[in-house]
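# Structural overview
Given next are the chains, with one letter for each unit.
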Amino acid sequence: MSYDRTNVFARILRGELPCKRVYEDDYALAFHDINPQAPTHVLVIPKGEFVSLDDFSANAPSKMIAGFVRALGTVARTLGVVESGFRILANHGRNANQEVPHFHVHIFGGRALGPMLSRAG
Ligand code: AMP
């Protein structure tokens, strides 16, 4: 799948759409999800054109992968969810209902998060 430059997160990265920013560095941008599923629900996205984890892990420079993972940890600490616990999640493709075709990691926290997967479906 080729990268679609009109996707909503590409537009946020270009500053064409607003976001509630939590953190930013050379590798990543983190902002609050517009439709939060938990008291804390933040998205962390790499500053590059990657469709999903599959694309990112295969094609991103190692420096960017390291920077992105470090940003994830920094964001979790910034949000204050490390001690209480949190969950990270990245959807890839149809079976996971990936809606936005720019790689992103969700960080959920702020309450007990229940089982890892819904039994529905
Ligand atoms: P996914 O299903 O993993 O692709 O998740 C996409 C997420 O992006 C959903 O949780 C949406 O609520 C969120 N989202 C969509 N548009 C925006 C936006 N403009 N700002 C913040 N979050 C958004």
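Right, let's walk through the structure included here. (Residues numbered from 1 in each chain as written. Predicted model: local features only at pLDDT ≥ 70, side-chain atom pairs only at ≥ 80, totals over all residues. Heavy atoms only, no water.)

### Let's talk about the sheet that holds strand S2 (residues 28-32)
The antiparallel open sheet is built from five strands, whose spatial order is S1-S2-S3-S5-S4. Edge positions in the sheet fall to strand S1 (21-24) and strand S4 (86-89), since each has one partner strand and no second. The sheet shows a mean angle of 20° between the axes of neighbouring strands, taken without regard to direction. Note: S4 against strand S5 (residues 105-109), four bridges, orientation antiparallel. Within the sheet, the bridge partner assigned to Arg 87 lies in S5 and is Phe 108. Helix-sheet contacts for helix H3 (residues 62-79) involve S1, S2, strand S3 (40-46), S4 and S5, and the interaxial angle to S3 is about 160°. (Pairing = 2+ DSSP bridges. Helix = DSSP H or I, 4+ residues; strand = E, 2+ residues; numbered from the N terminus. Axes fitted to C-alpha atoms, helices over the stretch in contact; angles between N-to-C directions. Contact = heavy atoms within 4.5 Å.)

### Observations regarding the site of the ligand
Within the structure, the ligand sits among 16 residues, and Asp 33, Asn 91, Glu 99, His 104 and His 106 are positioned closest to it. A distance of 3.1 Å separates a nitrogen atom of the ligand from a polar backbone atom of Ile 34. A distance of 3.1 Å separates an oxygen atom of the ligand from a polar backbone atom of Asn 97. The fraction of the free accessible surface of the ligand (500 Å²) that becomes covered by protein chains is 86%. Of all the elements in the fold, those that place two or more residues in the shell around the ligand are helix H1 (8-13) and S2. Top element by residues in the shell around the ligand is H1. It accounts for three residues. Considered class by class, the residues forming the shell around the ligand number seven nonpolar, seven polar and two charged. (Near = heavy atom within 4 Å. Polar contact = N/O pair within 3.5 Å; in protein donor to acceptor, adjacent residues only side chain to side chain. Areas by Shrake-Rupley, 256 points an atom, 1.4 Å probe, with all protein chains shown as cover. Nonpolar A, V, L, I, M, F, W, Y, C, P; charged D, E, K, R; others polar.)

### Details of the pattern of salt bridges
Enumeration over the complete set of coordinates arrives at five salt bridges. Across the pair Glu 16 and Arg 11 runs a salt bridge, and its minimum N-O distance is 3.4 Å. Overall, Arg 11 belongs to the partly exposed group, its relative accessible area being 33%. (Salt bridge = Lys/Arg side-chain N within 4 Å of Asp/Glu carboxyl O. Buried < 20%, exposed > 50% of the residue type's maximum accessible area, 1.4 Å probe, protein only.)

### Thoughts on the packing of aromatic side chains
Within the structure shown, the criterion is met by five aromatic pairs. Arranged with centres 5.4 Å apart and planes meeting at 75°, the rings of Phe 9 and Phe 31 form a pair that is edge-to-face. Here the residue Phe 9 occupies a position in helix H1, and Phe 31 occupies one in strand S2, the gap between them amounting to 22 residues. Members of the aromatic cluster, connected to one another through ring pairs, are Phe 50, Phe 56, Phe 68 and Phe 103. (Phe/Tyr/Trp six-rings, centres within 6.5 Å; stacked < 30°, edge-to-face > 60°.)

### A word on the nonpolar core
The biggest cluster of nonpolar side chains holds 15 residues, and the ones touching the most others in it are Val 44, Phe 50, Phe 56, Phe 68, Leu 72, Val 75 and Phe 103. Elements that contribute at least two residues to this core include exactly S2, S3, H3 and S5. In terms of residue count, the dominant contributor to this core is H3 (five residues). Every residue in contact with Leu 72, bar those within four places of it in the chain, is listed here: Val 44, Val 105 and Ile 107. (Core = buried A, V, L, I, M, F, W, Y, C linked by side-chain atoms within 4.5 Å.)

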